[in-house]
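Chain by chain, the residues run as shown.
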Amino acid sequence: MWKYVDVGDGEKIFHKIDEFVLSKKTKYQLLEIVKTRDFGTVLFLDGDPQSSEIDEHVFNECLVHPSMVSNSKPKTIFIGGGGTGLTLREVLRHNTVDRVDIVDIDKEVVDTCKKFYNYAAESFSDSRTKLYHEDARQFLSRTDSSYDCIFLDTTMPHHEDIAAPLYRKEFFEIVSQKLKPDGIFATAANSADFRHAARFASVVKTLQDVFAFVTPYVAYAPLFGQDWAFVTASNVSDPSKLRPNDIDKRLVANGCGELNFYDGITHQKIFSLDKKLRSILDETGHVLTDSIQTRDEIFVPELPESYHFENYVNLVDLTLHSNLIKVTNAPHKTF
């Protein structure tokens, strides 16, 4: 059995499933955990892959560490979403951190991850972690706390789902108000594939309407099969200006000298956008607001009906179509 993910109208990514681990409809979304041939255990929410044991370090290190090293001594952190515990794990690597307020509306996702993943159990039980299960936008709007770093780690939103209000100008204005004067915000921002990057451009333009310094960056995410977009926003700092040696020194000083993916040289790579993508970010997208007239198109396809297995989605048995799948030429042996 294979599980597929829709990338575009004419493109799907297929993952060979070795084991079905869990499928659970929470109050807010469909949670699936499957063991795949190439990526190990993979967690899906509403049919979209969120993390795999093989490559999750790429996404999570890129989301967290550029902003953490941009702040001289990040102590108080806010995470909106983050139910897998992976963003939290990366934040807690920094020995400067005193408190992390993490707000994920879906308690069932957090409880499931704590049960299946040791890193989640350890991160959520850390004495510095303060976990809340409520709407992240409402929590941030009413808290009296201010933060050195704020991270947004959610599913990529549908037009009217629980994540969508976290990608609009009104929320980013709240973020700006809750950051300390030298604070910085970071979020993932959908696909950076130039065919779909208008969505990325809309997030960038919305942040530019609120913050003085908005810096997009990109990293290839093997699980997603494409470059993935990130953005930092601040009123005082631009992480792209940091020098590699300074980054490496800060990582070591903060106790993060042994990361799997991110360091000073990687930093240079992910903040170097190609000409095509820079043009798309300049010329497309629009400011997203709560007004119905200025919301974006749906970011990702709607959740399809289940196929073949109850409670699992996007499944297909390719052996049924083996007679249609022909290798027209012998495989070319490079090695």
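Look up a bit, the structure's there.
Summary of the structure given here. For clarity, every value in this text was computed on a predicted model and none was experimentally measured.

## What about the nonpolar core?
Here is step 1: In this structure, Phe 151 and Phe 200 are the most contacted members of the largest nonpolar core, which totals 92 residues.
Here is step 2: Per element, the largest residue contribution to this core is 7 residues, and it comes from helix 1 (residues 56–70).
Here is step 3: Here Phe 200 is in contact with Ala 189, Ser 191, Ala 192, Pro 216, Tyr 217, Val 218, Ala 229, Phe 230, Val 231, Leu 277 and Leu 281, once residues within four sequence places are set aside.

## Re the pattern of salt bridges
Side-chain pairs of opposite charge can arise where the charged atoms are in close proximity.
Here is step 1: In total, this model carries 18 salt bridges according to the counting rule given.
Here is step 2: Between Glu 56 and Arg 89 there is a salt bridge, with its nearest N and O atoms 2.8 Å apart. Within this pair, whereas Glu 56 is found in helix 1, its partner Arg 89 is found in helix 2 (residues 86–92), the two being separated by 33 residues in sequence. Note on accessibility: Glu 56 and Arg 89 belong to one class, buried.

## As for the pairing of strand 2 (residues 11–25)
Here is step 1: For strand 1 (residues 2–8) and strand 2, the ladder comprises 6 bridges, and the chain directions are antiparallel. In the sheet register, Trp 2 faces strand 2, and the bridge partner there is Lys 16.
Here is step 2: Of the pairings in the sheet, the one linking strand 2 to strand 3 (residues 30–36) comprises 7 bridges and is antiparallel in character. Across the sheet, residue Ile 17 finds its bridge partner in strand 3, namely Thr 36.

## Regarding the packing of aromatic side chains
Two aromatic rings, taken as a pair, are described by how far apart their centres are and by the angle between their planes.
Here is step 1: Here the structure, examined in full by the defined rule, presents 13 aromatic pairs.
Here is step 2: Ring geometry for Tyr 217 against Phe 271: centres 4.4 Å apart, planes inclined by 20°, an arrangement best described as stacked. You can see Tyr 217 sitting in strand 11 (residues 213–221) and its partner Phe 271 sitting in the loop between helix 9 (264–270) and helix 10 (275–283), a full 54 residues away along the chain.
Here is step 3: An aromatic cluster of three or more residues is present, and its members are Phe 59, Tyr 217, Phe 224, Trp 228, Phe 230 and Phe 271.

## Digging into the packing of helix 7 (residues 198–208) against helix 10
Here is step 1: Packing of helix 7 against helix 10 brings their axes to within 8 Å, and their N-to-C directions diverge by 55°. In terms of orientation, helix 7 lies oblique with respect to helix 10. The two elements helix 7 and helix 10 cross, and the hand of that crossing is right-handed. Residues Ala 198, Phe 200, Ala 201, Val 204 and Lys 205 of helix 7 lie in contact with helix 10, whose contacting residues are Leu 277, Ile 280, Leu 281, Asp 282 and Glu 283.

## As for the sheet that holds strand 12 (residues 226–234)
Here is step 1: The mixed open sheet is built from 7 strands, whose spatial order is 8-7-6-9-10-12-11. Each edge of the open sheet is held by one strand with a lone partner, namely strand 8 (129–132) and strand 11. The mean angle between the axes of side-by-side strands here comes to 15°, regardless of whether they run parallel or antiparallel.
Here is step 2: Sheet analysis places strand 10 (residues 179–191) next to strand 12, joined by 6 bridges and oriented antiparallel.

Calculation notes
Residues numbered from 1 in each chain as written. Predicted model: local features only at pLDDT ≥ 70, side-chain atom pairs only at ≥ 80, totals over all residues. Heavy atoms only, no water. Core = buried A, V, L, I, M, F, W, Y, C linked by side-chain atoms within 4.5 Å. Buried < 20%, exposed > 50% of the residue type's maximum accessible area, 1.4 Å probe, protein only. Helix = DSSP H or I, 4+ residues; strand = E, 2+ residues; numbered from the N terminus. Contact = heavy atoms within 4.5 Å. Salt bridge = Lys/Arg side-chain N within 4 Å of Asp/Glu carboxyl O. Pairing = 2+ DSSP bridges. Phe/Tyr/Trp six-rings, centres within 6.5 Å; stacked < 30°, edge-to-face > 60°. Axes fitted to C-alpha atoms, helices over the stretch in contact; angles between N-to-C directions. Parallel < 35°, antiparallel > 145°, perpendicular 65-115°, else oblique. Left-handed = near helix turned anticlockwise from the far one by under 90°.

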